[in-house]
Structures are given as C-alpha cells and as structure tokens.
Amino acid sequence: MKKLKKLALIPLAFLMIFGITSCKKDDEPQDGTEEVYTNVRLSTMELDTANVKKEYYLGEEFTAENLKVYVNYVKTKLDNSTVAERVECLDFSINTENIDMYSCGTYPVEVIYRSGTKVVTQSYDIVVKSTVLSESGQKYVGGIEVKYDGKQIETLLLDEEFTFDISKVECKVHYFKNDEEVEVKAVAYTKLDIDYSKVDTSKNGDYMIKYTYSEGDITFGDKTVKNSATSYTIIRVGNPVTSIEKISTGDTTFAASTEPLDFTKWQFKIYRENPIQNQVVNFSYDLFTVSGGVSFIEGTTKLTIRLIEDTTQKVELDVTVVESTTQNISIYTDLSAEQQTVEVADGVSTVKIGTDNVVSVTNYSENAERLNSDGTGKDKYNEIAFNRRIKIEPKYNGTVSINMEAPGTIVLFVAKAADSATPLELMALLAGEDEYEIPSQYITPTNKQVVVALSYDVNRAGTYTFKSAEGSVYFHGCVIATNK
C-alpha cells in the first residue's frame, strides 16, 4: 500500500496543505488530532467567586477554596474569522501581598495566570471585620469607602509622572454596633494613613494605594482591640494604541493560487498615547487578524487588518488577485440545481457538479439549499458564500470524487454535520490505488456548520476520491488547481 507524504501544517490565514503522493519509504502519515487555527491568543480572565469565602474576621486564615478561574482565548480560524474559547484554569496563582488579615478593611485578591510571556489578571474583594468589636456593645469602625479623584481606579499612561494629590482623596467611614451599620460619615483625608509607595509608572500594571483610618482602641472587659479599617484604590498604568498604519510597500497584487496570500513583507507602525513605545512591526498572525481577500478568486477586494491587542484599530486596503501563470484554477462552489446533473445507475445516485464532469458526489443522503432571506448563501468561508451543501455519510458509503487532468492541488470545503468530540477525518483514495488511506487526523470544529478548507497536493493525474472516516460531513464545494 502506498504511503502518504506528510506535510507540515501551514499556520496562515486561508488554507492548510497536506500532500497526497505515491510514496517514499520514509514518508509517514501524520498522527494525532490537530485543531486548525492560524493563531491562538490568550485574551482575558473570568472569576467565579459564588462559593468563595469573602468575609473574614480578624486573624482568620485566608483561603481561595472553591474559586473557579476561567481564561478566554481568541482563536483565528483558517477563514480569518475568530472564535472564543473559555477554558477552566487550574494552574493560576494568587497574590495576597496586599491583604492584612489582622486589620479590618476591604482588600483585593489578585488572581494571575501566565501563558508564555502573556499574563492576565483579575481581582475580587474580601472584607476583614472584627467579631470581637461586635461583642463590645460599642460603636466601632467597620469599614471605610475611599475614592481618588472620584474614582476607584485612576488610569495613567506609561512613564507619565505620578504625583499623589492628597486633596483628591474622599473617604467615608462606616460605623457598626452589634454587627449592624448605624452611621456613615465623611472624614477628612488628613485623618488617613496613606501608602502609595508601590505605584510605578515605568511598568504597565495595577498598583494599589492603601488607606487606613483609625480611632485608636476600644477596651471592654479584659480586651483591648484596635478600632480601625483599611481600603484601597488602584492606579492603572498602561499605554493604549491610538492608531496603526501600513508603512511598507509590500505587494498588493498577487497571482491566483491555492497557497495563502503572503503578507510577510508588509510592515506596520503602531502608535500609542505615549509615543515612547511607538513601534514598527512586520506582519504576523501573532499581532494581526485578516479578513477579506481569497487567494484563488481573481479580482480586487478590500482587505481588513486588525490589531489583536485592540481590534478597533484597523487598516483597510485593496488587494488584487490576477490570473496565475503556473496553474489553471477552477472553482466549484455553486451547488445550485442549475449546476447539477443527477444520474442513477444500478441503484446508485451520483450528482455531477458543473458541465465538465470533474466533480461528482455519489451516494449522498441530502442535498440542501442554504440561503439567507436575501438569497445569498448562508454558509461562508471567508468571502465565499455557499448556496447549497451535500451530506456525505459513511453508512451510505458517500464519496466526493475529483478528476485531476494534471498534478496540482485539490481544496475541499467541508463541515462537520453534528457536534461531537470526534475529529473531522476524510479518507483519501489516490489515483491508481485500490485502498483508502487517512492522510492525517485533523480539524475538530467546536461546532457543527463550521466550514473549513482542506487542501491536498497531488503529484499525478487521475481521479481522487474522498469519504468521511467517521461521522457525517457536509460538502460545500471545492477548488481545483492543475499545473500548466
């Protein structure tokens, strides 16, 4: 049996390439399941503190038991659209540096998760109060409420000079008696002990300013207890992006191809509020997402490039795809009734797409029109809208056959027909062979109806047949490129 040549996944926007060829001995099929995304970016963190202890008495030990932490990823698919994935995180860390379990007050618990050089944080508050004072029968300080310049969080630019202005501090003291709030009153900032020594505007991050209010001690019976409370405000240091622009003269005209459009020669300048961090960067899918433009469709289309750090920042420009000098490219993405010829022989139904008998589907179980209310195709891959789909099921031995007149590339647009954990696998019957092989296990769409493009390099003319290894698959069309 011939072996399938293994090609690496190409982490670019439009297609991924697998090779189908008659064999070399040391060429082995790729094993394992691969989720096909051009970029996976750690985005944000969410905390579920519903069952977390958030109120403590003086001297109690802090615990984060029952805290659930989730991190969100933004994944860029092969068609340049993005999907969000929320994953429970188990290897987070907690910064308790700013918590004083021996002083009444409100304190932030900072939760931190690191993935490579990317760090995301989120905080929740705990309150430390005095059960001893509630037993005193006297009015005591149960907590303070502090704002700086009218806000809980003050935002500064990176390297912006920070001068603490005590006159901007507003404080209210909450008094309790027997665990019931009995009074709230404003106090002058001069009565507060304030620590802002940790603020560092030379580094991005959140910095706590700590405020403590004290009315001395309360003595009852044989006990003497400090009558004070602590709270905080945050100084948030950052350097937001104000705009981006393309500054290089990289090509905007490309020859039609089944290979992805190549933007690697493009350079962009990222402008920030504090220009000290303005930067010039090469195009990378780690930094940008791309929508618009398909490498095998001739014509001029608008490309939108967005900065991942701030997706409101974008560059729009026209790119032109012209006729290829090396390949003949045919597109079979219109599966409408007008483009179909149905034949039945010996109880086997075959639908042929187009008039050239290049693409045919056998033993299909469903041929469904998929249109929006305006008549456009409902299912999409990048700029391609599909008006119809054909369901291929293993139990009916459904197949898609492509007749290649010369070596080249086959691009199949397919989607899983149901939600499941099983990978989307297509088995391939090579031209001249008599046994199906699985060139690779790949693509597990998180939801059904996610159209993906699978691309196969073929090294000889003939008919290539594909079928699903497990589970039903929707066939939406294909692109065929034969070498000139």
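Below, the structure is looked at part by part.

Definitions and cut-offs
Residues numbered from 1 in each chain as written. Predicted model: local features only at pLDDT ≥ 70, side-chain atom pairs only at ≥ 80, totals over all residues. Heavy atoms only, no water. Core = buried A, V, L, I, M, F, W, Y, C linked by side-chain atoms within 4.5 Å. Buried < 20%, exposed > 50% of the residue type's maximum accessible area, 1.4 Å probe, protein only. Contact = heavy atoms within 4.5 Å. Helix = DSSP H or I, 4+ residues; strand = E, 2+ residues; numbered from the N terminus. Pairing = 2+ DSSP bridges. Axes fitted to C-alpha atoms, helices over the stretch in contact; angles between N-to-C directions. 1 Å grid on protein atoms, 1.4 Å probe; cavity = no way out; pocket = protein on both sides within 12 Å on 5 of 7 lines; lining within 4 Å. Points joined across faces, edges and corners; volume = space filled by probe spheres on them. Nonpolar A, V, L, I, M, F, W, Y, C, P; charged D, E, K, R; others polar.

Observations concerning the nonpolar core
In summary, soluble globular proteins display a tendency toward joint burial of nonpolar side chains. Val359, Ile402, Leu412 and Phe475 are the most contacted members of the largest nonpolar core, which has 31 residues in total. Excluding residues that lie within four positions of it along the chain, leucine 412 makes contacts with Ile402, Leu426, Val452, Ala453, Leu454, Tyr456, Phe466, Phe475, Gly477 and Cys478.

Thoughts on unusual backbone geometry
Both trends apply: most residues other than glycine have a negative phi, and most peptide bonds are in trans. Positive phi, normally seen in glycine, also occurs at asparagine 66, with a value near 75 degrees. Locating asparagine 66 in the fold gives a position in the loop between β3 (55–57) and β4 (68–76). Its relative accessible area of 48% is what places asparagine 66 among the partly exposed residues. A positive phi angle, close to 60 degrees, is found at asparagine 357, a residue other than glycine. Its place among the elements puts asparagine 357 in the loop between β25 (348–353) and β26 (359–362).

A few points about the sheet that holds strand β17 (residues 253–255)
An order of β17-β22-β21-β20 is seen for the 4 strands of this open sheet, with the pairing classed as mixed. Looking at which strands have only one partner, the edges of the open sheet turn out to be β17 and β20 (288–291). Going across the sheet, the axis of each strand differs from the next one's by a mean of 30 degrees, ignoring polarity. One ladder, built from 4 bridges, connects β20 with strand β21 (residues 299–307); its direction is antiparallel. Following the sheet pairing, serine 291 is matched in β21 by threonine 304.

A short note on the layout of surface pockets
Taken as a whole, the largest pocket holds about 1900 Å³ of empty space. Lining the largest pocket are 49 residues, with Lys118, Val119, Val120, Thr121 and Gly205 sitting closest to its centre. The set of elements that each furnish at least two residues to the lining of the largest pocket consists of β2 (39–48), β7 (105–115), β8 (118–129), β10 (153–157), β14 (205–220), β15 (223–238) and β18 (267–272). Estimates place the volume of the second largest pocket at around 240 Å³. Lining the second largest pocket are 15 residues, and of these Val127, Lys129, Gly142, Gly143 and Phe176 lie nearest its centre. Of all the secondary structure elements, the ones that give two or more residues to the lining of the second largest pocket are β7, β8, β9 (140–148) and β11 (169–177). At 5 residues, β9 tops the list of elements feeding residues into the lining of the second largest pocket. Residue composition of the lining of the second largest pocket, grouped by class: 4 nonpolar, 6 polar and 5 charged.

Here's the deal with empty space enclosed by the protein
Taken as a whole and assessed by the stated rule, the structure comprises 2 cavities of 30 Å³ or more. Of the pockets and cavities examined, the second largest cavity occupies roughly 70 Å³. Lining the second largest cavity, in full, are Ile392, Val400, Leu412, Val414, Leu426, Phe466, Lys467, Ser468, Val473 and Phe475. For the lining of the second largest cavity, the elements supplying multiple residues, two or more each, are β32 (408–416), β35 (462–468) and β36 (473–483). Looking at which element gives the most residues to the lining of the second largest cavity, the answer is β35, with 3 residues.

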